[in-house]
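# Understanding the architecture of this molecule
Now for the letters of each chain:
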Amino acid sequence: MLAGRVRAALDGSAQVVLVAGEPGVGKTRLVEEVARQAADLGVRTCWGRAADDEGSPPYWLFRQVLRALHLHGPADLAPEVAGGAEQRFRVFEAVTDLLTAAAEPAGLLVVLDDLQWADPASLRLLAHLARATTTARLAVVATYRDTETGGREPLRQVLATLAPSVTRLRLVGLTEPEVGTLLAGVTGRPVPADTTAALSRRTQGNPFFVCELARVLTGETGTELPDGVRDAVRGRLDRLREPARRVVAAAAVLGSTVDPAALAAATGHELAEVLAALDEAVAAGILTREWRFGHDLVRETARLEASTVDRLRLHERLAEHLTGRPDVADRVAEVAFHRLESLPVGDAAEAARWAERAAGQAMAQLAWEEAASLYGRAGSVAADPADRCRLLLGEARAQVRAYDMVGSRRSLRAAAELARAAGDPVSLGEAALVLEGITDFDWDTNGYALYQEALTALPEADSPLRARLLAQQAVNDSWRSFAEAESRSAEALAMAERLGDRTAVLAALRARQIARSGPDGTTDRLALGDRMLAAGDRGADDDARLWGHLWRFDALAQLGDIDRAEAELGSIGAVADRLRSPLARWHALRCRAAIALARGRFAEALTLGDQADELPQHTGPDGARAPSHGFRTMVHGYLGTVDDRMAEVAESVSTAVLPLRGVSAMLLLAADRRDAARRVYRTMPPPAEVPGFMLLPTLAGTALLAAEFDDRATAAEVHRLLAPFADRFVCGGAGVIAILGSVRTPLGVAAAAVGRLDDAVRLLREAAERNEAAGMPPFAATAR
């Protein structure tokens, strides 16, 4: 089957195959045979092998693969490069492009061995490669021990992610007749049936166990079997002289690949003695000629030959040796690993220091899962509370990048407690800002209280930290009180500008934009978009450029200048392409979909809506799912094709999200569920409780519903609230999902509902004219 998948890849259908089984069952041997067959067809094969507990750097599997192909990976794999989610996405795409290109014209087989020990960054990159590659002449075969996935959460998560897009092959033990055939081949003679049966029973047909025990049998008389494979391996170790056994045991403690100079430093032996011992181990079949352990089980057994104290001391001495090497900057992860493994015998402060340094490198390499783990381990051994607080904050930042929101909230609470106990307002403020710019409703209440606490504890003097805290509190205020958001965002921006701190200014601009996202702030938001664009150009910052264009799009749409809003799409798409961020792509799609609906291109709107709805399911920005699904249902509402499932979702959303109840009621009406729509309508919040950026769509929907249910009092109130914004168009003030035509349409409907028919006719005629002039024919037709 595996060979067939490789042949399918040669026909242009990229393949990813997972080969699972217990240690020694023959996974690697199977892949080696398939690689030999592939080589006969002219296919290149390259290997990446993960190693257990060696402090290997992030992306280690793919570093080996690229090196074997003589390819230069993206610079982002270097420890000095920093970035966010979009940067890691670019790294993944770059590696995918390199491997896809390398597969032409003859094909490429990439083998990733021992996936159970792979670093999380390599696992995430494998998952991306499996999803992103479908038509290349590329086959990726990954082996892993399925008996060792229980405590390895990153592997379990990636295996679940890969489930629909890969082929799985699980190897099982040999049958008893097959065991007899293998024993005869190894020993050179037929093996008695009772011996075969006993060995088959004890080994469960594991080929490695069978071979190891068979080799022991060749040196013995009779048919008595040792207690297990460990005895078989020990039998081979016993052939070594005592000095060589000690060196091999030390090598097994320190890693699967042997560095003779490092091993000499760790054991205290002369290099010549170590080399002699390694040659003896090679001759005994314990090590390969490349000074690797021939099998993991050999290493695991040899490692047990060293006492606990000896193992800890070996890690400590190796860490000291690596620290003194001129290439120590490239070995930070290794030093950190050995320092941590030396505890409690080793120096805890040194272990924490090196683990923090390795975590920083992992963050710069976008390997957030490793960084979080390293920060966590460093914090667990740090003695000083201030150090623990700093390390917890580092762990929380890494967890946020890795989308581990549960873990980040836990780390933040612990860091805040330490900062509070130490009377450290700066660390308290930094804890509050870890989730800056991220919508997390589970943290919202705690975060709001923490912003207030940190601001109270900080000196009242201007500072970048204070400006950012004010800005973040203003963002939170936008869901509660726009008046408070208005004053705090203005204060934050003024302070950031006085300080001239770019990070604080960008944070304050974001806060100001959300504070002015009501219909009375449309022109202000257009100016804020221009400012954000200018800041992005000055700093060569595509993130800032993207937000600048998006804010302009939203403002122009609400002003009814649909042509200029549509003109922003090219710039938004270009920046999103450069960022290669899933969230940036989602923003580009939702803007294009909104314009397609406005223009009456319903099929295109649905296609773009489908793409926007599917994107977050594969790439992570959960906040994009609800609006994308709502947009698609809204289009079906205009087409009269809302089905029962859509209606049920609309009804459930009305319970979960208070401000969306008006939209849900309208969709229920479109599905001919009038009674359900009336029930939802009766529970709608008053306009004063609706965030400003949702005010116009909410009022427009309420006007139509009030008319539908003959609610004259509500229609009169809606008319009063909408009248000041008659020149606006109905859409949100931040993150436009749909542009629903001139405000004069719902204003006219409200006027008609209260009996002001002349006003209604005038307003609806004006709405039709404005929608027509804006190039929105469906909404001109609706007004008529």
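The paragraphs below set out a description of the structure included in this document. Note that the structure is predicted; figures quoted are calculated from it, not measured.

Once that is clear, we can look at the overall build of the protein chain. Secondary structure assignment for the protein chain yields 39 helices and 5 strands. Relative to its full complement of 784 residues, the protein chain shows a buried share of 54%. Across the protein chain, every contact between residues at least 6 apart in sequence was considered, and the portion connecting residues at least 24 apart equals 66%. Counting only carbon and sulfur atoms, one obtains 52% of the accessible surface of the protein chain, whose full area is about 33000 Å².

On to the packing of aromatic side chains. Evaluation of the coordinates by the stated rule reveals 2 aromatic pairs. Aromatic pair Y681 and F709: ring centres 5.4 Å apart, planes at 40°, arrangement tilted. One end of the pair, Y681, is in helix α34 (residues 674-682); the other, F709, is in the loop between α35 (695-708) and α36 (712-722), with 28 residues separating them in the sequence.

The subject of this paragraph is the packing of helix α26 (residues 522-538) against helix α27 (residues 542-559). Where α26 meets α27, the axes come as close as 7 Å, and the angle between the chain directions of the two elements is 160°. On the basis of their axis angle, the class for α26 and α27 is roughly antiparallel. Taken as a pair, α26 and α27 cross one another with a handedness that is left-handed. Side by side, α26 and α27 meet where T522, T523, R525, L526, L528, G529, D530, M532, L533, G536 and D537 of the first sit next to A544, R545, W547, G548, H549, W551, R552, D554, A555, L556, Q558 and L559 of the second. Its residues placed into classes, the contact of α26 with α27 shows 10 nonpolar, 7 polar and 6 charged.

Spatial ordering of the open sheet is given by β2-β3-β4-β1-β5, a layout of 5 strands whose pairing is parallel. Edge positions in the sheet fall to β2 (44-49) and β5 (167-170), since each of these pairs with one other strand and no more. Direction aside, the axes of adjacent strands within the sheet are offset by 20° on average. Of the strand pairs in this sheet, strand β1 (residues 15-21) and β5 are connected by 4 bridges, and their pairing is parallel. Looking at the pairing, V17 lines up with T167 of β5. Here helix α1 (residues 2-10) sits on the sheet and contacts β1, β3 (108-113), β4 (138-145) and β5; the angle it forms with β1, its principal contact strand, is near 165°.

As a further point, take the pattern of salt bridges. Per the stated rule, a full pass over the model turns up 48 salt bridges. One salt bridge connects R353 with E350, and the closest N-O pair in it is separated by 3.0 Å. On the criterion of helical spacing, the pair formed by R353 and E350 is a turn pair, its members being 3 residues apart in helix α17 (residues 348-364). Under the relative-accessibility criterion, R353 is labelled partly exposed at 44%. Residue class for E350 comes out partly exposed when judged on its relative accessible area of 22%. A salt bridge links D541 to R502; its shortest N-O distance comes to 3.3 Å. Of this pair, D541 sits in the loop between α26 and α27 while R502 is found in helix α25 (residues 502-515), placing the two residues 39 residues apart along the sequence. Ionic contacts of the salt-bridge type, sharing partners, join the residues D727, R744, R756, D759, R762, E766 and R770 into one network.

Of all the 10 residues making up helix α37 (residues 744-753), 8 are buried; the element is thus mostly covered by neighbouring parts of the structure. By the burial criterion, the buried members of α37 are R744, T745, P746, L747, G748, A750, A751 and A753. Packing partners of the buried residues in α37 comprise α35, α36, α38 (757-773) and α39 (777-783). A positive backbone phi angle near 90° is found at G755, which sits one or two residues after α37.

Evaluation of the coordinates by the stated rule reveals 2 cavities of 30 Å³ or more. Taken as a whole, the second largest cavity holds about 30 Å³ of empty space. For the lining of the second largest cavity, the secondary-structure elements that each account for two or more residues are β1, α5 (120-132) and β4.

This next bit is on the nonpolar core. The biggest cluster of nonpolar side chains holds 98 residues, and the ones touching the most others in it are L99, L112, L115 and F293. Sequence-distant contacts of L99, defined by excluding residues within four places in its chain, comprise F62, V65, L66, L69, L108, L129 and L138. Listed in part, the 44 residues of the second largest apolar core include L433, V434, L509 and A511.

This brings us to unusual backbone geometry. In the segment running from E104 into P105, the intervening peptide bond is cis, with an omega of 0°. Locating P105 in the fold gives a position in the loop between α4 (85-102) and β3. Going from L343 to P344, the amide bond is cis rather than trans, its omega being 10°. Structurally, the position occupied by P344 is in the loop between α16 (332-341) and α17. In the Ramachandran plot, D114 falls in the positive-phi region, its phi being about 60° despite a non-glycine side chain. Mapped onto the elements, D114 comes out in the loop between β3 and α5.

Within the fold, D542 resides in helix α27. Discounting residues that sit within four places of it in the chain, D542 has contacts with V575, R578 and L579.

Attention shifts here to α1. Burial in α1 covers these residues: L2, A3, V6, A9 and L10. Buried residues along α1 cover an arc of 115° about the axis, so they all sit on one side. Tucked inside the fold, the buried residues of α1 contact β1, α2 (27-40), β3, β4 and β5. Within two residues after α1, G12 carries a phi angle of roughly 100°, on the positive side.

Here the focus is the environment of G560. Relative to the helices and strands, G560 resides in the loop between α27 and α28 (562-579). G560 gets classed as buried once you look at its relative accessible area, which sits at 14%. Along the sequence, G560 and R770 sit 210 residues apart, while their C-alpha atoms lie 8.3 Å from each other. What G560 contacts, discounting residues up to four positions off in sequence, is F729 and A774.

The subject of this paragraph is the pairing of β4. Most of β4 is tucked away: 8 of the 8 residues are buried. Bridging between β1 and β4 involves 7 bridges; their strand directions are parallel. By the bridge assignment, V16 is partnered in β4 with V140. One ladder, built from 5 bridges, connects β3 with β4; its direction is parallel.

Tracing the chain through its elements places S463 in the loop between α22 (441-457) and α23 (464-477). C-alpha of S463 to C-alpha of R498: the two residues are 35 residues apart in sequence and 9.5 Å apart in space.

Parameters at a glance
Residues numbered from 1 in each chain as written. Predicted model: local features only at pLDDT ≥ 70, side-chain atom pairs only at ≥ 80, totals over all residues. Heavy atoms only, no water. Helix = DSSP H or I, 4+ residues; strand = E, 2+ residues; numbered from the N terminus. Buried < 20%, exposed > 50% of the residue type's maximum accessible area, 1.4 Å probe, protein only. Contact = heavy atoms within 4.5 Å. Areas by Shrake-Rupley, 256 points an atom, 1.4 Å probe, with all protein chains shown as cover. Phe/Tyr/Trp six-rings, centres within 6.5 Å; stacked < 30°, edge-to-face > 60°. Axes fitted to C-alpha atoms, helices over the stretch in contact; angles between N-to-C directions. Parallel < 35°, antiparallel > 145°, perpendicular 65-115°, else oblique. Left-handed = near helix turned anticlockwise from the far one by under 90°. Nonpolar A, V, L, I, M, F, W, Y, C, P; charged D, E, K, R; others polar. Pairing = 2+ DSSP bridges. Salt bridge = Lys/Arg side-chain N within 4 Å of Asp/Glu carboxyl O. 1 Å grid on protein atoms, 1.4 Å probe; cavity = no way out; pocket = protein on both sides within 12 Å on 5 of 7 lines; lining within 4 Å. Points joined across faces, edges and corners; volume = space filled by probe spheres on them. Core = buried A, V, L, I, M, F, W, Y, C linked by side-chain atoms within 4.5 Å. Arc of directions from axis to C-beta.

Nothing here speaks to function; it is all geometry.
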